Amino acid sequence: MARLPRFVIPGQPQHIIQRGNNRQEIFCEEDDYRFYLEKLEEAAEKFQCDVHAYVLMTNHVHLLVTPHTETGIGKMLQSLGRYYVQYFNYRYQRTGTLWEGRYRATLIDSEQYLFTCMRYIELNPVRASMVGHPSEYPWSSYRSNGAGVPASLISSHGEYRRLGRTEAERQSAYRQLVRARIPDKTLDEIRSATNKAWVLGSDRFRERIARQLNRRVAPAVRGGDRKSKAYRDNVEFNRV
């Protein structure tokens, strides 16, 4: 079965995951992280993508990115991957692929899910029990978004800028958001949407994107009372 093209709307953020092949390590030493971030910044600028959040784990990467062209994210990751694989293979005397197939991504509703995705990304090392607080992990965007450590890679999203009138106010408000627990159901929604390339957002947002792209943006409804209005509405929505 042919793969559907990814959802891409210039100006709409996406949550992206890229994993190492067979879950193998893609970062072994500090220089690896630094090289990746350097090439990510270069590629993001070249292909007109704003990076709002990131975390580099030992065997996978999370990014929150807003593209400004339809091909921006694909070209950015292609360029980044090419440089990084060449670097990694040469440094560790290996050959072959480094990545686990295509990157995974989901279009997100910035009003409802932007901060949830930012927190989800930057709290990865905490959930993995690598650190007790995101500020302790050096390879994420939390220190920039939450503490104001300068990072030329990071571009603040409009929703983030609305958190306060000054940088200090925005950082303080964001730290408060990070302290709030993300419900398990929400974590599952983010993981499912990203891994299966569905749109992450409210019903209204998904309906708007479905009509805009003329594509189904959520899994088809299974079971339920076929005579109920809710079931018929869901079926009609998922036909779009």
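Up top you'll find the structure we're talking about.
Residues numbered from 1 in each chain as written. Predicted model: local features only at pLDDT ≥ 70, side-chain atom pairs only at ≥ 80, totals over all residues. Heavy atoms only, no water.

**Details of the packing of helix H3 (residues 110–122) against helix H8 (residues 184–196)**
Here is step 1 of the chain: One way to put it is that H3 packs onto H8 with a least axis distance of 11 Å and a crossing angle of 90 degrees. With respect to H8, the element H3 is oriented roughly perpendicular. Residue-level contacts link Tyr113, Thr116 and Tyr120 of H3 to Thr186, Leu187, Glu189, Ile190 and Arg191 of H8.
Here is step 2 of the chain: Tallied by class, the residues present in the contact of H3 with H8 amount to four nonpolar, two polar and two charged. (Axes fitted to C-alpha atoms, helices over the stretch in contact; angles between N-to-C directions. Helix = DSSP H or I, 4+ residues; strand = E, 2+ residues; numbered from the N terminus. Parallel < 35°, antiparallel > 145°, perpendicular 65-115°, else oblique. Contact = heavy atoms within 4.5 Å. Nonpolar A, V, L, I, M, F, W, Y, C, P; charged D, E, K, R; others polar.)

**A closer look at the sheet that holds strand S4 (residues 104–107)**
Here is step 1 of the chain: The strand order across the open sheet built from four strands is S2-S3-S1-S4, with neighbouring strands paired in antiparallel fashion. Each edge of the open sheet is held by one strand with a lone partner, namely strand S2 (49–56) and S4. Averaged over all adjacent pairs, the angle separating strand axes in this sheet is 20 degrees, with direction ignored.
Here is step 2 of the chain: Here S2 runs beside strand S3 (residues 60–67); their pairing, made up of seven bridges, is antiparallel. Paired with Tyr54 across the two strands is Leu63, which belongs to S3. (Pairing = 2+ DSSP bridges.)

**Examining the packing of H3 against helix H7 (residues 167–179)**
Here is step 1 of the chain: It is at 10 Å that the axes of H3 and H7 come closest, and there the two elements cross at 70 degrees. Here H7 runs roughly perpendicular to H3, going by the angle between their axes. Each of Phe115, Met118, Arg119 and Glu122 in H3 lies in contact with H7, whose residues at this interface are Tyr174, Leu177 and Val178.
Here is step 2 of the chain: Grouping the constituent residues of the contact of H3 with H7 by class yields five nonpolar, no polar and two charged.

**Quick word on the side chain of Arg170**
Here is step 1 of the chain: In this structure, Arg170 sits in helix H7.
Here is step 2 of the chain: At a separation of 2.8 Å, a polar atom in the side chain of Arg170 contacts the main-chain carbonyl oxygen of Gly164. (Polar contact = N/O pair within 3.5 Å; in protein donor to acceptor, adjacent residues only side chain to side chain.)

**Thoughts on the side chain of His60**
Here is step 1 of the chain: Note on placement: His60 falls in strand S3.
Here is step 2 of the chain: At 2.8 Å, the side chain of His60 forms a polar contact with the side chain of Asn59.
Here is step 3 of the chain: Discounting chain neighbours no more than four positions away, the residues touching His60 are Gln18, Arg19, Ile26, Phe27, Val55 and Asn124.

**Thoughts on the pattern of salt bridges**
Here is step 1 of the chain: Here the structure, examined in full by the defined rule, presents 14 salt bridges.
Here is step 2 of the chain: Arg23 is the salt-bridge partner of Glu100, the closest N and O atoms lying 4.0 Å from each other. Linking Glu100 in the loop between helix H2 (72–91) and S4 with Arg23 in the loop between strand S1 (14–19) and helix H1 (30–46), this pair joins segments that are 77 residues apart in sequence.
Here is step 3 of the chain: Judged by its relative accessible area of 30%, Glu100 is partly exposed.
Here is step 4 of the chain: Across the salt bridge formed by Asp184 and Arg181, the nearest N and O atoms sit 3.3 Å from each other.
Here is step 5 of the chain: In this structure Asp184 comes out as partly exposed when scored by relative accessible area, which is 48%.
Here is step 6 of the chain: Residue Arg181 is classed as exposed on the basis of its relative accessible area of 61%.
Here is step 7 of the chain: Here the salt bridges do not stand alone but share partners, grouping Glu29, Glu30, Asp31, Asp32, Arg34 and Arg91 into one network. (Salt bridge = Lys/Arg side-chain N within 4 Å of Asp/Glu carboxyl O. Buried < 20%, exposed > 50% of the residue type's maximum accessible area, 1.4 Å probe, protein only.)

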